[in-house]
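So you can see what is in the structure, the chains are spelled out below.
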Amino acid sequence: MSNSPTMHVVEVDPALQEDLNSDDYASSGYENSLSSSIEQYAYENGRRYHTYFGDDKNLQPTDETEQDRLDLHHEIFLILLGGRLHLAPIGKTPQRILDVGTGTGIWAIEMADKYPNAMVFGLDLSPIQPKWVPPNCRFEVDDAERDWTHELDYFDFIHIRNLAQAISDWPKLLSQAYECTAPGGYIELAELETAPHSDDGTLDSATDLLRYFSLLHEGLARMGNLTAVAAETLKSNLENAGFVDVTVTTRKHPLAPWPKDPKMKHAGALALLSCQTGFHAYGIAIFTRVLGIDPVEADRICRAAIAQNGSRSHHIYTYYHVLHARKPLA
Ligand SMILES: C[S@@+](CC[C@H](N)C(=O)[O-])C[C@H]1O[C@@H](n2cnc3c(N)ncnc32)[C@H](O)[C@@H]1O
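- The name given to the protein chain in an unreviewed UniProt entry is S-adenosyl-L-methionine-dependent methyltransferase, with Sphaerosporella brunnea as the source organism.

Written out as structure tokens, the structure reads:
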């Protein structure tokens, strides 16, 4: 194929010719050096962050503490959705599924088990997924905010969960997702509204929690990212990208075991555990890096919020919004 006038010839690295003892990349150590560069970390305020895509890219730690928390949160999401991994009506035989910002890959792995005939891809900034996974599950390290290299009209289902605050350009992300969704295929967004609520007025006296969330929103707003993540915003983003038939399902997500209903109490008990490290995971980098709060003070703000959430006299919840939508056939 001839080169178009605008395409440069990509030069071959002369170093490739030097090591003639190994003709393949695997034995030349190339993969090892690549995987070690992907595993670049920075330690900050006692947490470990991946830095492969730039020091400030990942605002949430990806250390073992955070990985455990993500897996715990997966259980909470399952409880809130009655055990379902997704709500989109994707049928019994989807072929290709993509999980954007897959985290530990727990959702992707369970989807691969549930749909053995599908290929499930998970992508994330950080290589924190296990090596031993079902044969129909693959993980890749990538920044979903860069230009996607996936084929157009490719995926039957694209899933994005708990990514809202990390993304600075949702319209771009969703328009790329739209391009790569097969006509008739589905997208599902599942996001926690990071704003506290109570039905019995107990939030009013939860000043430490209110302060925590207000600072979190201030930092996110300063970065130009979504703050409280209202369902309406997510819905209009999906529609603007071209998706149709947007269905919104909202659940209350208790942050402690205060509900009477046994399932909600169980979800709340897991959330109480999750919040013990989650308030730090979400807050500390934004407070220190973006708002310039002294690390000791930032730590105190997170601890105070954790303590108040653990008090039996505050009955706090957030909203969990799950939206699914379809790419039209035509
Ligand atoms: C809160 S975790 C959610 C993980 C997973 N979706 C879940 O629900 O269990 C957010 C994940 O998104 C990843 N992430 C953040 N920004 C990203 C980006 N621009 N591209 C790819 N992954 C990203 C983070 O590394 C982290 O693993």
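### Considering the confidence of the model for the protein chain
Next, step 1: Of all residues in the protein chain, 87% have pLDDT values of 70 or greater, and the mean over the chain is 88.
Next, step 2: Between residues 1–5, whose pLDDT stays under 50, and residues either more than four places distant or in other chains, the model counts one contact.
Next, step 3: Within the model, the stretch residues 28–34 combines pLDDT values under 50 with six contacts to residues more than four positions away or in other chains.

### Regarding the side chain of Asp143
Next, step 1: Among the secondary structure elements, Asp143 is positioned in the loop between strand 5 (137–141) and strand 6 (155–161).
Next, step 2: In this structure the side chain of Asp143 is engaged in a polar contact, spanning 2.9 Å, whose partner is the backbone nitrogen of Glu145.

### Re the packing of helix 6 (residues 207–223) against helix 8 (residues 262–290)
Next, step 1: It is the contact of helix 6 with helix 8, at a shortest axis distance of 9 Å, that shows an interaxial angle of 55°. If you check the angle between helix 6 and helix 8, you find them oblique. Regarding helix 6 and helix 8, the two cross each other, and that crossing is left-handed. Touching Leu209, Tyr212, Phe213, Leu215, Leu216, Gly219, Leu220, Arg222 and Met223 of helix 6 are Gly278, Phe279, Tyr282, Gly283, Ile286, Phe287 and Val290, all from helix 8.

### As for the site of the ligand
Next, step 1: Surrounding the ligand, one finds 20 residues, the nearest of these being Gly101, Asp124, Asp143, Ala144 and Arg161.
Next, step 2: Among the detected pockets, the ligand sits in the largest cavity.
Next, step 3: Each residue belonging to the shell around the ligand can be placed in one class, and the counts come to seven nonpolar, seven polar and six charged.

### Let's talk about the pairing of strand 4 (residues 119–124)
If a strand is regular, its side chains alternate between the two faces of the sheet.
Next, step 1: The buried count for strand 4 comes to six of six residues, which makes it a mostly enclosed element.
Next, step 2: Neither face of strand 4 is exposed, since Met119, Phe121 and Leu123 on one face and Val120, Gly122 and Asp124 on the opposite face are all buried.
Next, step 3: Looking at chain direction, strand 3 (residues 96–100) and strand 4 are connected through five bridges and run parallel. Residue pairing in the sheet places Arg96 in a bridge with Met119 of strand 4.
Next, step 4: You can see the chain leave strand 3, run along helix 4 (residues 106–114) and come back into strand 4, and the turn it takes is right-handed.
Next, step 5: Strand direction decides the pairing type here: strand 4 and strand 5, joined by five bridges, are parallel. Within the sheet, the bridge partner assigned to Phe121 lies in strand 5 and is Arg138.

### Describing empty space enclosed by the protein
Next, step 1: Overall, the coordinates contain four cavities of 30 Å³ or more when judged by the stated rule.
Next, step 2: Approximately 640 Å³ is the volume found for the largest cavity.
Next, step 3: Looking at the largest cavity, it is lined by 40 residues, and the ones nearest its centre are Gln60, Gly101, Asp124, Asn162 and Leu163.
Next, step 4: Every element with two or more residues in the lining of the largest cavity is listed here: helix 3 (64–80), strand 3, helix 4, strand 4, strand 6, helix 6 and helix 8.
Next, step 5: With five residues, the top contributor of residues to the lining of the largest cavity is helix 3.
Next, step 6: Looking at the lining of the largest cavity residue by residue, the class counts come to 18 nonpolar, 14 polar and eight charged.
Next, step 7: Reported here for the second largest cavity is a volume of approximately 230 Å³.
Next, step 8: Contributing to the lining of the second largest cavity are 18 residues, with Leu192, Phe213, Leu255, Cys275 and Tyr282 lying nearest its centre.
Next, step 9: In terms of residues, the lining of the second largest cavity owes the most to one element, helix 8, which gives six residues.

Calculation criteria
Throughout, a residue's number is its position along its own chain's written sequence, starting from 1. With pLDDT at 70 or above as the cut-off, local features in this predicted model cover only qualifying residues; side-chain atom pairs require 80 or more to be listed or tallied, and sums for whole chains, interfaces and linings still use all residues. Side-chain numbers here rest on the full set of heavy atoms in the structure, without hydrogens or water. Confidence scores here are pLDDT values: one per residue, from the predictor, ranging 0 to 100. Contacts: residue pairs with any heavy atoms within 4.5 Å of one another. Counting from the N terminus, the helices are DSSP H or I runs at least four residues long and the strands are E runs at least two residues long. Here a polar contact is recorded for every N or O atom pair within 3.5 Å, except that within protein the pair must consist of a potential hydrogen donor and a potential acceptor, and residues adjacent in sequence are included only if both atoms are side-chain atoms. Here an angle of 0 to 180 degrees is reported between the N-to-C directions of two axes, which are lines fitted to C-alpha atoms, with helices fitted over the stretch in contact. Geometric relationships in this document are graded by angle, where less than 35 degrees denotes roughly parallel, more than 145 denotes roughly antiparallel, 65 to 115 denotes roughly perpendicular, and other angles denote oblique. The sense of a crossing depends on the near helix, which, turned anticlockwise from the far helix by less than a right angle, makes the crossing left-handed and, turned clockwise, makes it right-handed. When at least one non-hydrogen atom of a residue lies within 4 Å of a molecule or strand, that residue is treated as near it. Of the grid points, spaced at 1 Å and generated over the protein atoms alone, those admitting a 1.4 Å probe that cannot get out make up cavities, while open sets with protein on both sides within 12 Å along at least five of seven lines make up pockets; any residue with an atom within 4 Å of a point is treated as lining. What decides whether a molecule sits in a cavity or pocket is whether more than half of its atoms lie within 2 Å of the grid points. Following the grouping adopted for this structure description, the nonpolar residues are Ala, Val, Leu, Ile, Met, Phe, Trp, Tyr, Cys and Pro, the charged ones are Asp, Glu, Lys and Arg, and the polar ones are all others, Gly among them. Each residue is assigned to one of three classes by its accessible area relative to the maximum for its type, calculated with a 1.4 Å probe on protein chains only: buried under 20%, partly exposed between the two thresholds, exposed over 50%. Any two strands are treated as partners once DSSP identifies two or more bridges connecting them. By convention, orient the strands away from the viewer: a clockwise path from the first strand over the helix to the second makes the crossover right-handed. Grid points are joined across faces, edges and corners, and a volume is the space filled by probe spheres set on the points.

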